Amino acid sequence: MFKIIITFFLFQFNLNSQESVFLETNDGWKIHAKYFKPKKENLPVLLLVHSQKSNYTEWKKWFSEIERYGYGWMAIELRGHGISTYKTDGSTQTFSSFSVSGFDNDYNKMIRDIDAAVIYLSSTGVKESDIIIMGVNLGANLAIKYSAINKNIFACVAINPSTNINDILTVNPLRLYGQRPILFVTAQNYKKRMQEVMLLYTIAKKTTGQENAFIIIEYSIKSAEDVLKSTIYKILNWVKNPKLPPVAEPGKISISSDTFSLTSSSPSYIILPDNED
């Protein structure tokens with residue numbers, strides 16, 4: 001009975017430590033988010049941006065792992081997703097009615113959702129230089145675009161980004177990103193997407209400096225939920241110390257049925273996935 005009470009208490013404490021907040025964007029959306037404060041000042045806060053047709057729970061697997069490092073996290077629900085379907089004028093709208101084309105379409109405007117989150121975090125005393133934007137799929141494109149606009153953001157983690165998702169482009173933003181750390185995460189299960197990520201990584205090496213561009217290659221990723229725990233740890237360790245490790249020796253690394261030759265134009269930072277979760 002005593003163990004049950006203690007377990008219940010810890011469970012309640014963990015739930016109570018997460019805050020539900022509603023953020024107002026400058027174009028009239030009410031954005032829902034969950035927030036967990038960092039254990040100490042000056043520790044990073046990871047701003048998590050989910051995939052299309054998803055919500056903040058896509059990152060649920062990550063929360064306890066992030067907290068173990070003492071980091072804070074904020075998982076937002078993009079406009080039209082989850083319970084972020086309300087506007088300040090009382091109307092409602094879901095992503096099913098959003099336009100997928102045009103450079104000022106509903107999806108491109110989602111960077112305002114990220115900006116509202118950054119403004120909120122700043123109001124609580126979190127410095128923009130302690131914020132890392134991490135996104136997956138659609139969220140990865142948004143993370144790259146927003147980080148390119150807001151130069152105060154410390155770093156970006158882009159999981160399975162593309163050159164174009166719903167007219168959210170990433171090539172030009174990467175050219176404007178500046179010399180700050182950026183980590184790409186991709187997988188072999190979707191070869192076309194992996195090729196796009198490799199292209200983005202190559203561009204990032206040229207524009208941010210080779211010492212600032214990193215990449216992790218997994219076997220399979222469809223969403224944030226699919227990322228192996230071992231890879232989550234590698235990402236969180238990178239957040240702690242985003243420095244370039246020794247360059248791999250020239251040769252070949254065999255991955256599944258494909259072989260990548262390590263040349264001067266190939267990734268200098270490849271973390272192969274572990275077989276176990």
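None of these values were measured; they are calculated from a predicted model.

(A) Molecular detail of helix H2 (residues 60-68). Those residues of H2 that sit buried are Trp 62, Phe 63, Glu 65, Ile 66 and Glu 67. Directly beyond the C-terminal end of H2, a positive phi value near 85° is found at Gly 70.

(B) Spotlight on the packing of aromatic side chains. What the rule picks out here adds up to 10 aromatic pairs. Ring centres of Trp 59 and Trp 62 lie 5.3 Å apart, and the angle between their planes is 70°; on these two criteria the pair is classed as edge-to-face. Here Trp 59 falls in the buried class, since its relative accessible area comes to 0%. Residue class for Trp 62 comes out buried when judged on its relative accessible area of 0%. Ring geometry for Phe 214 against Trp 238: centres 5.6 Å apart, planes inclined by 70°, an arrangement best described as edge-to-face. With Phe 214 in strand S11 (residues 213-218) and Trp 238 in helix H7 (residues 229-240), this residue pair connects regions lying 24 residues apart in the sequence. Residue class for Trp 238 comes out buried when judged on its relative accessible area of 3%. For Arg 180, the ring lying beneath its charged end belongs to Tyr 177, and the centroid distance is 4.2 Å.

(C) Focus on the pairing of strand S6 (residues 131-136). Among the six residues that make up S6, six are buried, leaving the element largely enclosed by the rest of the structure. Both faces of S6 are covered, namely the face carrying Ile 131, Ile 133 and Gly 135 and the face carrying Ile 132, Met 134 and Val 136. Inspection of the sheet shows strand S3 (residues 45-49) paired to S6 by five bridges, in the parallel sense. Its bridge partner lying in S6, Leu 47 is registered against Ile 133. Inspection of the sheet shows S6 paired to strand S7 (residues 155-159) by five bridges, in the parallel sense. Residue Met 134 lies in a different strand from S7, and its bridge partner there is Val 157.

(D) Examining the confidence of the model for the protein chain more closely. The pLDDT averaged across the protein chain works out to 86; a share of 82% of its residues lies at or above 70. Low pLDDT (under 50) marks residues 1-16, which in the prediction has one contact with non-local residues, meaning those over four places away or in another chain. When the criterion is pLDDT under 50, residues 246-277 qualifies, and its contacts beyond four places in sequence or with other chains add up to 66 contacts.

(E) Examining the packing of helix H3 (residues 111-123) against helix H4 (residues 138-149) more closely. Running from N to C, H3 and H4 point in directions that differ by 60°, and their axes come no closer than 10 Å. In terms of their interaxial angle, H3 and H4 are classed as oblique. Of the two possible hands of crossing, H3 and H4 adopt the one that is right-handed. Contacts between H3 and H4 involve Ile 111, Ile 114, Asp 115 and Val 118 from the first element and Leu 142, Ala 143, Lys 145, Tyr 146 and Ile 149 from the second. Classifying every residue of the contact of H3 with H4 gives seven nonpolar, no polar and two charged.

(F) Inspection of the nonpolar core at higher detail. Membership of the largest hydrophobic core comes to 49 residues, with the highest contact counts inside it found for Leu 47, Met 74, Ile 76, Ile 114, Ile 133, Leu 142 and Phe 184. Of all the elements, helix H6 (residues 191-208) adds the most residues to this core, at seven residues. When sequence neighbours within four positions are dropped, the list of residues in contact with Phe 184 reads Ile 144, Ala 158, Pro 161, Leu 174, Val 197, Leu 200, Tyr 201, Ala 204, Phe 214, Ile 215 and Ile 216. Counting 30 residues, the second largest nonpolar core, distinct from the first, contains Leu 48, Leu 183, Val 227 and Ile 232.

(G) H4, seen in detail. Along its 12 residues, H4 runs 17 Å from first to last C-alpha, staying within 8% of the 16 Å computed at 1.5 Å per residue. Within H4, 11 of the 12 residues are buried, which leaves the element mostly enclosed by the surrounding structure. For H4, the full list of buried residues reads Leu 138, Gly 139, Ala 140, Asn 141, Leu 142, Ala 143, Ile 144, Lys 145, Tyr 146, Ser 147 and Ala 148.

Rules used in this analysis
- Residues numbered from 1 in each chain as written.
- Predicted model: local features only at pLDDT ≥ 70, side-chain atom pairs only at ≥ 80, totals over all residues.
- Heavy atoms only, no water.
- Buried < 20%, exposed > 50% of the residue type's maximum accessible area, 1.4 Å probe, protein only.
- Helix = DSSP H or I, 4+ residues; strand = E, 2+ residues; numbered from the N terminus.
- Phe/Tyr/Trp six-rings, centres within 6.5 Å; stacked < 30°, edge-to-face > 60°.
- Lys NZ or Arg CZ within 6 Å of the ring centre and 35° of its normal.
- Pairing = 2+ DSSP bridges.
- pLDDT = per-residue confidence, 0-100.
- Contact = heavy atoms within 4.5 Å.
- Axes fitted to C-alpha atoms, helices over the stretch in contact; angles between N-to-C directions.
- Parallel < 35°, antiparallel > 145°, perpendicular 65-115°, else oblique.
- Left-handed = near helix turned anticlockwise from the far one by under 90°.
- Nonpolar A, V, L, I, M, F, W, Y, C, P; charged D, E, K, R; others polar.
- Core = buried A, V, L, I, M, F, W, Y, C linked by side-chain atoms within 4.5 Å.
- Expected span 1.5 Å × (residues − 1).

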